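# Observations on the three-dimensional arrangement
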Amino acid sequence: MYWNTADEIMISDPELAILPVGSIEQHGPHLPVMTDWAIGAEVGRRVQALTKGFLLPALPISTCREQMGKKGSVWMEPPTFYHMMTDILLSLKTQGFRKVLIIQAHGGIFTMIPVVRDANAKYNPDFMVFNFDLMMVSSTCREEGILECSGEIHAGEGETSQMLVIAPETVHMELACDYIPDTPRSYLSYGAVLRFCPEGVWGTPTLATAEKGEQVLKRAAEMAVEEMKKAFAFMESKEKLNYSYF
Ligand SMILES: [Zn+2]
């Protein structure tokens, strides 16, 4: 983990690195701009406890132009994100890490797909990267009855519940307001969230509780490990296809 010394990391010699990726962006009137970063960091800590991998500090900033309109959302350009992530992955590969689990805590990082696909296409089977998008957790938690709202995209029941566990002092439940626009998510390429959701909330945060948040965080860590194992097993089992291991 990042609080170990290099010598301690040399001795434990993990083959897995864990890299949470968050965002600093508006999360409605009731949640702090650190929400995605804080959730990514917390899920990362829980995954580390389950896997004993080398946990990196959560990256705070990624891509979030869809949150433009209020002060406090900070982004980089998608090509910058691609190059930054690729540099980090290759520095891990150089040191002998064979597997990297990315925990994507912000749904709007569409550049993550080429980052992961290119790294695997170039370096499988010597090096494998799996991206676990926390959006997967919300849908599973709804199927399992942990969460109630089906239309959540941003700052709703799931994220608010998790923040009530991680940093309750930063959550202003008295300001939480529910809003689900009649707009497809794809329209975030044509206008910012604040055009469709006046308060910057796309979901039902008033349904949030700390009890739900604890269950969501637990399932997030478990699912990240399960899905990672499946993907790495698949990548390890591939045979050469003409010129390619990808
Ligand atoms: Zn968020």
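Residues numbered from 1 in each chain as written. Predicted model: local features only at pLDDT ≥ 70, side-chain atom pairs only at ≥ 80, totals over all residues. Heavy atoms only, no water.

The next subject is the packing of aromatic side chains. Within this structure, the stated rule accounts for four aromatic pairs. A centroid spacing of 5.2 Å and a plane angle of 80° characterise the contact between Tyr 187 and Tyr 190, whose relative ring orientation is edge-to-face. Given a relative accessible area of 41%, Tyr 187 falls into the partly exposed group. (Phe/Tyr/Trp six-rings, centres within 6.5 Å; stacked < 30°, edge-to-face > 60°. Buried < 20%, exposed > 50% of the residue type's maximum accessible area, 1.4 Å probe, protein only.)

Attention shifts here to the coordination of the zinc ion. Distances from the zinc ion to its protein donors, His 27 (NE2), Asp 36 (OD), Glu 159 (OE) and Glu 159 (OE), fall at 1.9 to 2.8 Å. The site at the zinc ion holds four donor atoms, and with the angles between them running 52 to 133°, its shape is irregular. In the primary structure, the donors to the zinc ion are separated according to the pattern H-x8-D-x122-E. Within this pair, whereas His 27 is found in the loop between β1 (16-21) and α2 (35-51), its partner Glu 159 is found in helix α6 (residues 157-166), the two being separated by 132 residues in sequence. Assessed through its relative accessible area of 1%, His 27 is described here as buried. (Donors = N, O, S within 2.8 Å, 3.2 Å for Na, K, Ca; no water. Tetrahedral: all angles 85-135°; square planar, octahedral: opposite > 155°, others 65-115°. Helix = DSSP H or I, 4+ residues; strand = E, 2+ residues; numbered from the N terminus.)

Our focus in this paragraph is the environment of Gly 40. Looking at where Gly 40 falls in the secondary structure, it is placed in helix α2. In this structure the C-alpha to C-alpha distance between Gly 40 and Leu 19, which are 21 residues apart in sequence, comes to 8.9 Å. Contacts of Gly 40, omitting those with residues within four sequence positions, involve Pro 20 and Ala 105. (Contact = heavy atoms within 4.5 Å.)

With six of six residues buried, β1 lies mostly within the body of the structure. Of the two faces of β1, both are covered, the one formed by Leu 16, Ile 18 and Pro 20 as well as the one formed by Ala 17, Leu 19 and Val 21. Across six bridges, β1 lies against strand β3 (residues 99-104) in parallel orientation. Residue pairing across strands places Leu 16 opposite Lys 99, the latter belonging to β3. Here β1 runs beside strand β2 (residues 54-55); their pairing, made up of two bridges, is parallel. Opposite Ala 17, over in β2, you have Phe 54 as the bridge partner. The β-α-β motif built from β1, the intervening α2 and the parallel element β2 has right-handed crossover chirality. (Pairing = 2+ DSSP bridges. Right-handed = clockwise from strand over helix to strand, strands pointing away.)

As a further point, take empty space enclosed by the protein. In total, this model carries one cavity of 30 Å³ or more according to the counting rule given. Computed from the structure, the largest cavity encloses a volume of approximately 60 Å³. Those elements that place two or more of their residues in the lining of the largest cavity are α3 (78-94) and α4 (112-123). Tallied by class, the residues present in the lining of the largest cavity amount to six nonpolar, one polar and two charged. (1 Å grid on protein atoms, 1.4 Å probe; cavity = no way out; pocket = protein on both sides within 12 Å on 5 of 7 lines; lining within 4 Å. Points joined across faces, edges and corners; volume = space filled by probe spheres on them. Nonpolar A, V, L, I, M, F, W, Y, C, P; charged D, E, K, R; others polar.)

Let us look at the pairing of strand β4 (residues 128-133). Among the six residues in β4, five count as buried, and that is most of the element. In terms of handedness, the path from β3 via α4 over to β4 forms a crossover that is right-handed.

This paragraph deals with the environment of Lys 52. Within the secondary structure layout, Lys 52 lies in the loop between α2 and β2. With a relative accessible area of 59%, Lys 52 lands in the exposed category. Here the alpha-carbon distance between Lys 52 and Glu 211, two residues 159 residues apart in the chain, equals 26 Å.

A word on the nonpolar core. Core analysis: the biggest nonpolar cluster contains 38 residues, and Val 43, Val 47, Leu 101, Phe 132, Leu 134 and Val 137 have the highest contact counts within it. Breaking this core down by element, the ones donating at least two residues are β1, α2, β3, β4, α5 (135-143), α6 and α8 (210-237). Per-element accounting of this core gives the leading share, 11 residues, to α8. Discounting residues that sit within four places of it in the chain, Val 137 has contacts with Phe 132, Val 216, Ala 220 and Met 223. (Core = buried A, V, L, I, M, F, W, Y, C linked by side-chain atoms within 4.5 Å.)

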